[in-house]
Amino acid sequence: MKRPLVILLAALAIGAVVFAGSYFAGKRACVATMSHRADDLSWLREEFHLNDVEMARIRQLHEGYMPECARMCAMIAAKNAEVQSALGSGTNVTAQAQTKLAELGQLRAQCQANMLRHFIAVSQAMPPEEGRCYLTEMEKITLNSHEQIEQSMFPGHDHGNN
Amino acid sequence: MNPEDTKLSALLRQSRVSPALPPRFQEKVWRRIEDADAPANSASWLDTLAALALRPRFAYAIIAVLMLAGVLLGAQKGVNIAKQDAQARYVALEAPSALR
């Protein structure tokens, strides 16, 4: 191979290694720094430009909501275990299993309603525009995922939009 | 010099056949002379680049630029990843996956 070509290929390889090394080092340092100083609510402060007063109010709401959320989650987990037990290893959905499934659905709906109430309360603790953005974002993340699943299961159908 | 030799020389000169010159012979000769006098310009772009890469100042400058670009782009990507992680953490806390 010609010498100039070897020199250029070596230079390109060194350049690629230098760039890739710097890129990954920069990325890792940034993720580590930002994750280290972040608490559970830091995303809200950054994303919606909240001040200390608003954050204090939201933190209070958050701390009030968490025990209730944990209690509901424990109830859902227990009901889920009951559903599994009622289904057993059989191939039929028994009346008891159907009742348990309905109860599980009710619990989930109740929990979702609590969650939405909490999101609304948090959005009201923010400036109006940010509050609207927050609520839209949270509804999109927490509720619309079902729609995506349903649409992917029945691409030809258009449930509930007629 | 012998007068006989002079005569012989003249006879010999007359008998020598001089071949006809190719067309535009003179012009071609001059062009070759000019080309030979001109400075060597045969280095290709590959040679030029290779020579440039071997210059320390140029090499250090390129490495510095690549490092800076890498760190900046990596940091930008890192900020986005950290933001997404923080959002995911918040959502997981407020809306457990069982409800989504």
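Residues numbered from 1 in each chain as written. Chains lettered and ligands numbered in written order. Predicted model: local features only at pLDDT ≥ 70, side-chain atom pairs only at ≥ 80, totals over all residues. Heavy atoms only, no water.

**Some words on the overall build of chain B**
- Per the secondary structure count, chain B includes 4 helices and 0 strands.
- Secondary structure elements of chain B occur, N-terminal to C-terminal, as α-α-α-α.
- For chain B, the proportion of its 100 residues judged to be buried stands at 14%. (Helix = DSSP H or I, 4+ residues; strand = E, 2+ residues; numbered from the N terminus. Buried < 20%, exposed > 50% of the residue type's maximum accessible area, 1.4 Å probe, protein only.)

**Here we look at the pattern of salt bridges**
- Counted according to the given criterion, the structure contains 10 salt bridges over all chains.
- With a closest N to O distance of 2.9 Å, Glu 129 of chain A and Arg 132 of chain A form a salt bridge. With Glu 129 of chain A and Arg 132 of chain A both in helix α5 (residues 128-142) and 3 residues apart, this pair spans about one turn of that helix.
- Ionic pairing is found between Glu 27 of chain B and Arg 31 of chain B, a salt bridge with its closest N-O pair at 3.3 Å. Residue Glu 27 of chain B and its partner Arg 31 of chain B are located together in helix α2 (residues 25-37), separated by 4 residues, close to a single helical turn.
- Take Arg 31 of chain B: its relative accessible area is 48%, and that puts it in the partly exposed class. (Salt bridge = Lys/Arg side-chain N within 4 Å of Asp/Glu carboxyl O.)

**Some thoughts on unusual backbone geometry**
- With a phi close to 50°, His 49 of chain A is a non-glycine residue in the positive phi region.
- Mapped onto the secondary structure, His 49 of chain A falls in the loop between α2 (42-48) and α3 (52-87).
- Unusually for a residue other than glycine, Arg 24 of chain B sits at a positive phi of about 55°.
- In this fold, Arg 24 of chain B is placed in the loop between α1 (3-15) and α2.

**A few points about a nonpolar patch on the surface**
- A grouping of Leu 21, Phe 25, Val 29, Trp 30 and Ile 33 of chain B is seen on the molecular surface, where their side chains present a nonpolar patch of about 500 Å² in accessible area.
- On the secondary structure map, Trp 30 of chain B appears in helix α2. (Patch = residues over 30% accessible without salt bridge, like charges linked within 9 Å, V, L, I, M, F, W, Y side chains within 5 Å. Areas by Shrake-Rupley, 256 points an atom, 1.4 Å probe, with all protein chains shown as cover.)

**Some points on helix α1 (residues 3-36) of chain A**
- The end-to-end C-alpha distance of α1 of chain A, which contains 34 residues, comes to 49 Å, matching closely the 50 Å that a straight helix rising 1.5 Å per residue would cover.
- Considered for burial, the residues of α1 of chain A that qualify are Pro 4, Ile 7, Leu 8, Gly 15, Val 18, Ser 22, Tyr 23, Gly 26, Cys 30 and Val 31 of chain A.
- Where α1 of chain A is buried, its residues contact α3 (45-53) and α4 (56-94) of chain B. (Expected span 1.5 Å × (residues − 1). Contact = heavy atoms within 4.5 Å.)

**Brief notes about the confidence of the model for chain A**
All names here are of chain A.
- On average, chain A scores 85 in pLDDT, and the residues at 70 or more come to 87%.
- At the level of individual helices and strands, chain A shows its lowest average pLDDT in helix α6 (residues 144-153), which scores 60, and its highest in α1, which scores 92.
- In this model residues 157-162 is a low-confidence stretch, pLDDT under 50, and it forms 1 contact with partners more than four residues away in sequence or in other chains. (pLDDT = per-residue confidence, 0-100.)

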